[in-house]
Amino acid sequence: KFNIYLDFENLKEEMKIYNLQKYQNTIISSMEKAANTLMSLLRVRPSLNDYWISDSQLTRYNITHWEKEKFGNESHSKNISLHSLGIDLVIFSRFENFETSTLASSSSIFRDYKSYQPYCGRININHQIDFSKKGIEEYLTSILIHEMTHILGFSSFYFEFFKFNLTQIDKYGINRYYLKSPKVIEVAK
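Presented here is an overview of the structure given in this document.

Describing the packing of helix H1 (residues 9–17) against helix H2 (residues 24–41)
No. 1: Contact geometry for H1 and H2: axes closest at 11 Å, N-to-C directions at 155°. Here H1 lies roughly antiparallel to H2, going by the angle between them. Considering the relative orientation of H1 and H2, their crossing is right-handed. Here H1 contributes Leu11, Lys12 and Met15 to the contact with H2, which in turn contributes Gln24, Ile27 and Ile28.
No. 2: Grouping the amino acids of the contact of H1 with H2 by side-chain chemistry returns four nonpolar, one polar and one charged.

Right, here's the structure in full:
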């Protein structure tokens with residue numbers, strides 16, 4: 001099973017800054033639905049390595065708050081062992097002001113040094129989202145699934161580390177990447 005843990009502490013603090021706490025449940029619900037969708041579809045080989053995340057590592061990525069109930073009251077001064085918590089991937093969420101119309105962005109923060117499997121990432125959500133839009137929660141969920149796949153490695157920067165055949169084909173004047181694996185072919189058929 002693939003276990004994603006979502007940490008909302010930074011998001012909650014930043015939503016207070018923009019006085020948008022009333023939309024907090026919409027974002028959290030959308031993120032949980034996105035993570036549940038991916039967890040139901042994906043399986044991972046558990047790593048034999050135990051990953052540790054420290055406060056000093058995360059502050060480099062502007063992650064300044066961790067959920068104390070999950071990681072322990074002294075998490076800011078100690079390392080966190082993800083393996084002992086049964087977590088394959090931690091996603092920290094941020095809520096910030098983008099200077100563009102981009103609704104969200106994401107990246108993996110830490111990866112296994114041998115398999116390149118991510119074990120920590122972050123999603124940045126633009127505070128300029130139009131929360132009055134009809135169906136906003138479903139819309140956000142689809143955006144967040146997209147962003148979470150970037151954390152998982154579906155980004156051209158990480159394609160060289162894929163274990164399956166990834167080819168680049170020009171179709172209809174657009175250069176695209178195609179992933180060819182036994183499972184992808186089976187599902188496509």
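Quick look at the side chain of Arg122
No. 1: Of note, Arg122 is situated in strand S6 (residues 118–126).
No. 2: Look at Arg122: it is buried, it has no salt bridge, and the nearest opposite charge is Glu96 at 5.8 Å.
No. 3: At 2.7 Å, the side chain of Arg122 and the backbone oxygen of Tyr61 are in polar contact.
No. 4: Look past the residues within four positions of Arg122 in its chain and what remains in contact with it is Tyr61, Ile63, Ile91, Phe92, Arg94, Ser105, Ser106, Ser107, Ile109 and Ile151.

Criteria and cut-off values
Residues numbered from 1 in each chain as written. Predicted model: local features only at pLDDT ≥ 70, side-chain atom pairs only at ≥ 80, totals over all residues. Heavy atoms only, no water. Axes fitted to C-alpha atoms, helices over the stretch in contact; angles between N-to-C directions. Helix = DSSP H or I, 4+ residues; strand = E, 2+ residues; numbered from the N terminus. Parallel < 35°, antiparallel > 145°, perpendicular 65-115°, else oblique. Left-handed = near helix turned anticlockwise from the far one by under 90°. Contact = heavy atoms within 4.5 Å. Nonpolar A, V, L, I, M, F, W, Y, C, P; charged D, E, K, R; others polar. Buried < 20%, exposed > 50% of the residue type's maximum accessible area, 1.4 Å probe, protein only. Lys, Arg positive; Asp, Glu negative; His and termini not counted. Salt bridge = Lys/Arg side-chain N within 4 Å of Asp/Glu carboxyl O. Polar contact = N/O pair within 3.5 Å; in protein donor to acceptor, adjacent residues only side chain to side chain.

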